[in-house]
Amino acid sequence: MNNLHLRKYFLLLLIPVFLLGSCKTALFSRTSTRKVERGMSGPNRKAVKMKEAPGVRRAKKTQQKKQEKQDRDYDKFVKKSRKHTFEIQSDDVKARMKQNDADRKTREKIKSRKAHQATKKAGRKYN
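Residues numbered from 1 in each chain as written. Predicted model: local features only at pLDDT ≥ 70, side-chain atom pairs only at ≥ 80, totals over all residues. Heavy atoms only, no water.

(A) A look at a positive patch on the surface. Together, Lys51, Arg57, Arg58, Lys61 and Lys65 make up a positively charged patch on the protein surface. Residue position: lysine 51 is located in the loop between helix 1 (2–41) and helix 2 (54–87). By relative accessible area, which is 76% here, lysine 51 ends up exposed. (Patch = residues over 30% accessible without salt bridge, like charges linked within 9 Å, V, L, I, M, F, W, Y side chains within 5 Å. Areas by Shrake-Rupley, 256 points an atom, 1.4 Å probe, with all protein chains shown as cover. Salt bridge = Lys/Arg side-chain N within 4 Å of Asp/Glu carboxyl O. Lys, Arg positive; Asp, Glu negative; His and termini not counted. Charge placed at Lys NZ, Arg CZ, Asp CG, Glu CD. Helix = DSSP H or I, 4+ residues; strand = E, 2+ residues; numbered from the N terminus. Buried < 20%, exposed > 50% of the residue type's maximum accessible area, 1.4 Å probe, protein only.)

(B) Here's a closer look at the pattern of salt bridges. With the rule as written, the count across this model stands at 5 salt bridges. The salt bridge partner of lysine 105 is aspartate 101, with a shortest N-O separation of 3.9 Å. Placement of both lysine 105 and aspartate 101 in helix 3 (residues 91–126) is noted, with a separation of 4 residues, approximately one turn of the helix. Residue class for lysine 105 comes out partly exposed when judged on its relative accessible area of 49%. Glutamate 108 is paired through a salt bridge with arginine 104; the nearest N and O atoms lie 3.2 Å apart.

(C) Fine view of the confidence of the model for the chain. Across the chain, pLDDT averages 81, with 66% of residues at or above 70. Confidence, expressed as mean pLDDT per element, reaches its minimum in the chain at helix 1 with 63 and its maximum at helix 2 with 96. (pLDDT = per-residue confidence, 0-100.)

This is how it looks when you write it as structure tokens:
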């Protein structure tokens, strides 16, 4: 019988110890994490610059040069192709192509003017 009372007292003393111990650790961990976060994201934190390996930089540079050369070659090819297409046409078709090109240019001019005027009105509306 004596053992039963001792167990009850022991449990009554043991439960608050566990509760208080866990509460204290929760409080300490919260403040410590705040300090760590503040140190990581504060204004004194310097941005670390990552350098690429020289081989990677060289490969990117050569790739960019190849792409630019490919673009230039494509533009030359398109220009040459259009010129050739125009030259092989008959005189009637050449005249019609010139007229179509002139009409297209005037349509584009009008369209860009309308867009410019519409943005001017919108800009004035909010100023």
